[in-house]
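Geometric and topological summary
The residues making up each chain are set out below.
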Amino acid sequence: MAIFTAKKGCYLYGWYHTYVKKACITAHKGANFFGDISHLYDTMSPRPINPSLAVALGAHGADVDLYTKQQQKICVGVKTSIQVLSIHPSLPLVAYLAEDTASDFGARNKSKPGSTSLQPTAETSRLVIQKFNRNFENIDIPYVIATLPMKDLPRQINRFRQHKTKTSKISSQPFTLATLGSLKSITFLDRDALFWQTRRKYGTQSNLDASNAADTVLDVNANKCGKGMMGQDLCLGLQYTSVLVILQINDMHSDPFTVLSCLEGQRVLSNNGKEYVTQYVPTSAALPVTNSIIIYGCSDGAMRFHSLAPSKIYNSKPDTLSFSESSSSSPINESEVKSAKNSRQATIKSVRGPNGRHDPVIKIVNLDPAYNEHYHNEQDTVPAHIGGNAVTISNATTLVLSSRLLTVCASGVAFLWQVDISIDRASGTLRDLNVLPPLARLDGLGNLTMSPRKSPSPPSRSREGFWGGMTMKEPFAAPYTTITPVVFYDPHRDQIIWTLPYSAPASSIDHQRDFKLNSLPPNSPAAKKEVEDRAFVDKWAMYNGGFVKVWCMQMVDTLAKAAPGASSHRPPPIIPPYAVMKLPLSLMCASTPLSMVPGLAHSPLPASSVSCLCLSKDATELIIVAAPLTRVATADEQKAQSPKAAVAGKPPKILFIEPKICHKVPLPRSSEALTTAPVLLSASHFTPDSVAVATDNGVIVVKLVNGYCWDDAIDLSLMGKCNVLMEPSSKTVPVGPIHTVISGGPVGGVGNNRPGVLFIENNAVFASRLGSSRSSTEHRQSTVEKVDLADSMILYQLGKVSFTTARETRMCKLIDSPTPLTSPPRLIPSPSGRYLCLLWAGKRRYDILHAGSLLVRETGEGRGQGVSPLVDSGDNVLSFAWIGDDDQFAVLRQVEIDYGQVGESADPDFMEKKSRPRVELFKLAEVEVGAAELAGGAGVAAATTVSIGSLTVRGGDRVVPQFLFGGPALCIGCTISSGNDSSDTEGMAYFYSRRSGAKIGNDASTYMTVGTSIPCPDLLAWDDDGILCAVAYGSRVAIYLSDHPKFTLLGSVNVTGGSLLGEAEQPIISLKFIHGVLYCSGPSSVHVVFLGDLTEEDTVCELDSYNIATSRSLPLQGIDIPDDFTPAPLITSLSQPHILTYHSGGLLISTDVGLRLLPLSHPLIRIGTLLAANLTEKARKWIFDTPKAHHDYLAHFLIRRGRADLAIRDLNGLSLETYIDLCIRYERTSELENLINTHGGQVVKELSGWGREECGYSAISAIGLYMLGKDKIDCVARLVGQLINCGTDEVLVDALKLASLIRALDQSGGGILLQNVIDALHQKHPNNQVPLVSIVN
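To keep things clear, this report deals only with the structure shown in the data block.

When you go through the protein chain residue by residue, the secondary structure sums to 27 helices and 68 strands. Put simply, 64% of the contacts in the protein chain that link residues at least 6 apart link residues at least 24 apart. Roughly 56000 Å² of accessible area belongs to the protein chain as shown, and the carbon and sulfur atoms make up 51% of that amount.

This is how it looks when you write it as structure tokens:
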């Protein structure tokens, strides 16, 4: 909340805020930064180091003059070979392994004469963690977070291994850099990364009410990270060839890092105890399940769950399951292991897939979406189709969390699993970890997916490349034995993306056996067509740069539900991909795992697409290719193909598509001949707009998207070139969502008057029903939900179709898409609800559709079939706005000048004025068309557009209009030039409306400026009544009250606030009033602003702002103050959210990846929204259910809403101080009198010491004076009687004062009362030693 978070802002940045703060203090004092950086500089001297480290070391006091004096020498003499690169899931951090390489010819590879390859030196390799500028703002924060010399890693690992027995280690010899092997991957395991890996679909840090156990072995609450668990500070997971290491970066310790865990496999005695035999080694990276449990794949075909928290709860012998032998896992029996003497890290469960022990698990992917699913929540049972025998429901004592995992094996087979974790709510300890049989199988290599042999085969030497041994009948070795598959998961669209290397054979995309097709009669027409289709597909698949396969998890769930459950006798169903995209040959080879990142969701691309981020073949450009994906339909097809077409266990036909290049970013290149081309990319699906690229001089960060447009900004600061920064493109103005809701009004709903949604996809207008969401229960966790657009259908085709079906076979559709994909238009409905504007900001084009004619087809009515919904369109439009509710609109049009007709001798000033944008006004008028004309085949537009003229902008030639904002009055944002310097400009905005008494006509001259001017805003929105106006400036919103002729500022509040890791504040991109409540959103957050009492003109309108949902940062302690009633925001991944409306008790928002429903279940949010909508009785029900401990907080909230009556009447848990203060402040004399009459003695005891030190009058005296002023003499007399009974000196003095005042008003009664007080004083002080000083005071 804006007015209460000033003291709490320091908690909002997680571990990094404290981490950097200490580092900056240390650097200011001249001490070592992170304890080991100066040591690193000494060990590397006199060899020069990389410029990215030189700048950081110099900024922290190190004697490094490398950047200023030896920059040319560094660029020539030393290069940096970056072997591994990883970007943080949510924070602007990168981690990479850098190795200095000598570039002189004497250090080249002597085995290959003439080679110019750079030779790495392992002794100088270091693990570097750096921060980059996501918003490309120059900020005063160190770029280098930590630098760890790898030569120190073996020593720390060997120290950690000392407590293990010989049988648990893969080798009894100490580790060295050579025996560790090469580093294959880096995984972030800090608090933020743990949340996005383990908690993203739940939206909160923890489901536990408390965690008080002394021996907590599993704690899903990431705020409580015990010793040895991940999430305390910056943690990293390192995957070597056969060893997994989890490090914790220490803060100001003697050792720069600590080893939390080392997983190296296991060996056992064999041959009668004469020799050791290796059982298994790790073959995949570690994936966190909680902050204390990780899962990893092994060479024996199993995935193992390992606990980092030592505990006696686990048996020393792991629970091993094999779904080729059994189909269920038994719960952990705590009673059998409580007597264990030793307590250490242990493997708590091992599960082997159907492929057996000869198919290593080489990658594990978490498949939990960034929203709540239909059956993955606390209240649902395990569906029968996935093999669940028992009902797993969370209750008051046990919490059940479910997660989906994908294990990718070396053979190219992937299995989908569900893991259920049962946790004791009170203690946080693990009750059960249940792994169900695999739900489905995915064959990543199509018909080339091999079955594992009984024994491992030797690698092939006769063929080279990834596909070397794949085309033979008997593969020599598993295809992914040495190469990690490029498999990613898109948590926004719930899709699995699997990339195949270049020159993939056609059989790798052949999934015919997955369809279980019937055989065709020989020589039949169908059989001949089958042969022709196969030849066509084989030809299409030739000369490829690789393939990208897409599995839609919604389709996988549907098909898996229709198939029988998996068991030891029944393998899981094989699910074919939903789409296959063929990559062009111009891209770099896809066999390198980090050379491309598929499936990123970028806002300039429609959600119904698949993209791939990769490098060009010469590594000079970063390229994004994309192709349309879902709802494939031609002009002749009414129904659109979607993942929900998978009914009755029959999968839909696979879409075979070719992408088009959508965006290119030229990469900076060094002028040196020995420059190594970049081959490593890293991007996060949670923050896809920033991409890290490894080069020979360090890491650069490319910003691909700026708002809704492509960008090509490049941050070179990580390479030590802080002043070399390619600026981002010009600022983009948010103009609206990509969905719009239709409900009620003259248009009606979609289908039986139910609310509907319109959206644009693949150059067509779609409509979909807006179904009801599940009703929440008191025990269910409030989560973000995905709103499915069920049964979508095409209403209108905008011009030519963007793609067509080129050929269709029994199992696939080949799609032809001749044009590159573009961003969908932003939808701006008219206030009347009769029209809908489609604005393509990138194309500077708009279309206006008549909503009534558009929905005729959906409602099934026969009338209006000949009426075209398209009523107007235009080009060269910079901005669009609706004016009022009578279907008038304004466009800001860029004037184009034909210089061929004007001539080169034209006056430049005249031409500059002539080309300025102008504001044009139009009015729409509906056309009445008779039924006879329509029956005759007449085709007419539903409305005509009438030009009103051009609006003269106030200010003359110095004022240039830039933006239009609609509403009851048209607002024009302008830039005003001052003097001859065109760069010296300021922005102002003016309101325009018709002159009073002017008739509605076709003349723009009737419009004039009204009210006052305001600074040019970024956004502007009005409420439905045209009284409240919200204006956004960056991250701050100001609210005005429009009461002609006054335009009064009610207040302003900083909504989005400070952003992550010191970056620039996020701007507001969406504003909307809904029933008196203002909702606003930033690029990745949603907020609510409650207004104060608008009826009191003389009081300040107090604004309360709360964060509903965010994806920017995690609170350090869950909620800032545990006893505070402030709503804690849901943490979810949001991409350009726009506010739509209320739906099913939540807030419906439009994002670039679909509709999301945010819960409004917090009592404070519910009460605020109900009161703003004048639903007082419903709000009172929530007030009554609010815990009494929060009544004081709620009372102040109600007072700021102008509802002090509810606070006094309905909150029976108020503190005495708050209740008396409210009674006096709002003159509730009767309530205060009743309190004194019924609880006078208790009031006196509690208030006896209040106010005596701060002021001359005590609280009791103030209450008495107030009641005397209200002529409540009898009540004050009873209060004096209670004071006499109390008997303390201070209270008797108050009684004496009040009795004296009563005597002045009532001689007889007051005299008796005064005498009673004097008698009480004499009785307590028989020697007449009365405290006269107190009486005088």
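Having seen the structure, we can now continue with the description.
All right, on to the packing of aromatic side chains then. The full count for this structure, using the stated rule, is 23 aromatic pairs. Note on Trp 1022 and Phe 1047: the rings are 6.5 Å apart at their centroids and 50 degrees apart in plane angle, and the pair reads as tilted. One end of the pair, Trp 1022, is in strand E57 (residues 1019-1022); the other, Phe 1047, is in strand E60 (residues 1046-1054), with 25 residues separating them in the sequence. Across this residue pair, the class does not change: Trp 1022 and Phe 1047 are buried. Ring geometry for Phe 1090 versus Phe 1197: centroids 5.6 Å apart, planes at 90 degrees, classification edge-to-face. Of the two residues, Phe 1090 is situated in strand E63 (residues 1085-1090) and Phe 1197 in helix H19 (residues 1191-1200); the sequence distance between them amounts to 107 residues. Residues Phe 1090 and Phe 1197 agree in their burial class; the two are buried. Taken together, the aromatic side chains of Tyr 835, Tyr 846, Phe 880, Trp 882, Phe 889 and Phe 922 make up a single cluster linked through ring pairs. One Lys or Arg, Lys 363, reaches over the ring of Phe 488 and ends 5.0 Å from the middle of that ring. When the ring centre of Trp 540 is taken as origin, the NZ or CZ atom of Lys 582, which lies over that ring, is 5.5 Å away.

Put simply, helix H17 (residues 1163-1172) and helix H18 (residues 1176-1185) touch, their axes get as near as 8 Å, and they point 165 degrees apart. Considered as vectors, H17 and H18 are oriented roughly antiparallel to each other. The hand of the H17/H18 crossing is left-handed. Along the contact surface, H17 presents Pro 1163, Arg 1166, Ile 1167, Leu 1170 and Leu 1171, while H18 presents Thr 1176, Lys 1178, Ala 1179, Trp 1182 and Ile 1183.

What follows deals with the environment of Leu 1140. Tracing the chain through its elements places Leu 1140 in strand E66 (residues 1138-1143). Exposure remark for Leu 1140: the relative accessible area of 6% places this residue in the buried category. C-alpha separation for the pair Leu 1140 and Ser 1150, spaced ten residues apart in sequence, amounts to 6.7 Å. What Leu 1140 contacts, discounting residues up to four positions off in sequence, is Pro 737, His 739, Val 741, Lys 1072, Ile 1074, Leu 1148, Ile 1149, Ser 1150 and Leu 1155.

This brings us to the sheet that holds strand E8 (residues 244-249). Pairing is antiparallel in the open sheet, where four strands are placed in the order E6-E7-E8-E9. Taken across any chain shown, the strands that pair with only one partner, and hence form the sheet edges, are strand E6 (183-188) and strand E9 (257-263). With strand direction ignored, the average angle separating the axes of adjacent strands in the sheet is 20 degrees. Pairing geometry for E8 and E9, over six bridges, is antiparallel. Among the inter-strand pairings, Leu 244 is bridged to a residue of E9, identified as Leu 263. Running over the sheet, helix H6 (residues 153-161) touches strand E7 (235-240), E8 and E9 and is turned about 60 degrees from E9.

In this section: helix H26 (residues 1307-1324). Between the first and last C-alpha of H26 there are 26 Å, a value that for 18 residues agrees with the 26 Å anticipated at 1.5 Å per step. Tucked inside the fold, the buried residues of H26 contact helix H24 (1273-1286) and helix H25 (1289-1305).

Taking 1.5 Å per residue, 19 residues should reach 27 Å; helix H22 (residues 1229-1247) reaches only 18 Å between its end C-alpha atoms and comes up short. Along H22, the sharpest change in direction is near 95 degrees and occurs at His 1239. By the burial criterion, the buried members of H22 are Thr 1229, Leu 1232, Glu 1233, Leu 1235, Ile 1236, Gly 1240, Val 1243, Val 1244 and Leu 1247. Where the residues of H22 are buried, they touch helix H21 (1216-1225), helix H23 (1259-1269), H24 and H25.

For the rest of this paragraph, the subject is the nonpolar core. If you look at the biggest cluster of nonpolar residues, it comprises 73 residues, and the most contacted ones within it are Tyr 1079, Leu 1147, Leu 1198, Leu 1232 and Val 1280. In contact with Leu 1232, not counting residues within four places along its chain, are Ile 1220, Cys 1223, Ile 1224, Ile 1263, Tyr 1266 and Met 1267. Core analysis: the next-biggest nonpolar cluster, separate from the first, contains 61 residues, Leu 442, Trp 498, Ile 623 and Leu 629 among them.

Here we take up the sheet that holds strand E38 (residues 764-769). Across the sheet, which stays open at both edges, the four strands sit in the order E36-E37-E38-E40 with antiparallel pairing between neighbours. The two strands at the open ends of the sheet, each matched to only one other strand, are strand E36 (739-742) and strand E40 (790-797). On average, adjacent strands in this sheet sit at an angle of 30 degrees to one another, irrespective of strand direction. In this structure, E36 lies alongside strand E37 (residues 756-761), joined through four bridges in antiparallel fashion. Paired with Ile 742 across the bridge in E37 is Gly 756.

What follows deals with the side chain of Thr 1186. Inspection of the secondary structure assignment puts Thr 1186 in the loop between H18 and H19. Since its relative accessible area comes to 5%, Thr 1186 is described here as buried. Those residues in contact with Thr 1186 that lie beyond four places of it in its chain are Phe 1125, Pro 1163, Ile 1167, His 1191 and Leu 1194.

The subject of this paragraph is unusual backbone geometry. In the Ramachandran plot, Lys 516 falls in the positive-phi region, its phi being about 55 degrees despite a non-glycine side chain. Mapping Lys 516 onto the fold places it in the loop between helix H9 (512-515) and helix H10 (525-541). Of note, Tyr 543 is a non-glycine position whose phi angle comes to about 55 degrees, a positive value. Within the element layout of this structure, Tyr 543 appears in the loop between H10 and strand E24 (547-552). Under the relative-accessibility criterion, Tyr 543 is labelled exposed at 63%.

Per the counting criterion, the structure on display carries 31 salt bridges. A salt bridge links Asp 300 to Arg 304; the nearest nitrogen and oxygen atoms lie 2.8 Å apart. We note that Asp 300, like Arg 304, is buried. With a closest N to O distance of 3.4 Å, Asp 1210 and Arg 1209 form a salt bridge. Through salt bridges with shared partners, a single network forms among Glu 1177, Arg 1180, Arg 1209 and Asp 1210.

Next up on the list: the side chain of Ser 1261. Among the secondary structure elements, Ser 1261 is positioned in helix H23. Leaving out residues up to four positions away in the same chain, Ser 1261 has contacts with Asp 1294 and Leu 1298.

The subject of this paragraph is the packing of H24 against H25. Orientation of H24 relative to H25, taken along the N-to-C sense of each, is 150 degrees, at an axis distance of 9 Å. Comparing their axes, H25 and H24 come out roughly antiparallel. Considering the relative orientation of H24 and H25, their crossing is left-handed. Note on element contacts: H25 touches H24 through Val 1291, Leu 1292, Asp 1294, Ala 1295, Leu 1298, Ala 1299, Ile 1302 and Leu 1305, opposite Ile 1273, Val 1276, Ala 1277, Leu 1279, Val 1280, Leu 1283, Ile 1284 and Cys 1286.

The next point concerns a nonpolar patch on the surface. There is a patch of nonpolar side chains on the surface, built from Met 542, Tyr 543 and Leu 585 and spanning about 340 Å² of accessible area. Within the fold, Met 542 resides in the loop between H10 and E24. Judged by its relative accessible area of 42%, Met 542 falls in the partly exposed class.

Calculation notes
Residues numbered from 1 in each chain as written. Predicted model: local features only at pLDDT ≥ 70, side-chain atom pairs only at ≥ 80, totals over all residues. Heavy atoms only, no water. Helix = DSSP H or I, 4+ residues; strand = E, 2+ residues; numbered from the N terminus. Contact = heavy atoms within 4.5 Å. Areas by Shrake-Rupley, 256 points an atom, 1.4 Å probe, with all protein chains shown as cover. Phe/Tyr/Trp six-rings, centres within 6.5 Å; stacked < 30°, edge-to-face > 60°. Buried < 20%, exposed > 50% of the residue type's maximum accessible area, 1.4 Å probe, protein only. Lys NZ or Arg CZ within 6 Å of the ring centre and 35° of its normal. Axes fitted to C-alpha atoms, helices over the stretch in contact; angles between N-to-C directions. Parallel < 35°, antiparallel > 145°, perpendicular 65-115°, else oblique. Left-handed = near helix turned anticlockwise from the far one by under 90°. Pairing = 2+ DSSP bridges. Expected span 1.5 Å × (residues − 1). Bend = angle between axes of the 7 residues up to and from the residue. Core = buried A, V, L, I, M, F, W, Y, C linked by side-chain atoms within 4.5 Å. Salt bridge = Lys/Arg side-chain N within 4 Å of Asp/Glu carboxyl O. Patch = residues over 30% accessible without salt bridge, like charges linked within 9 Å, V, L, I, M, F, W, Y side chains within 5 Å.

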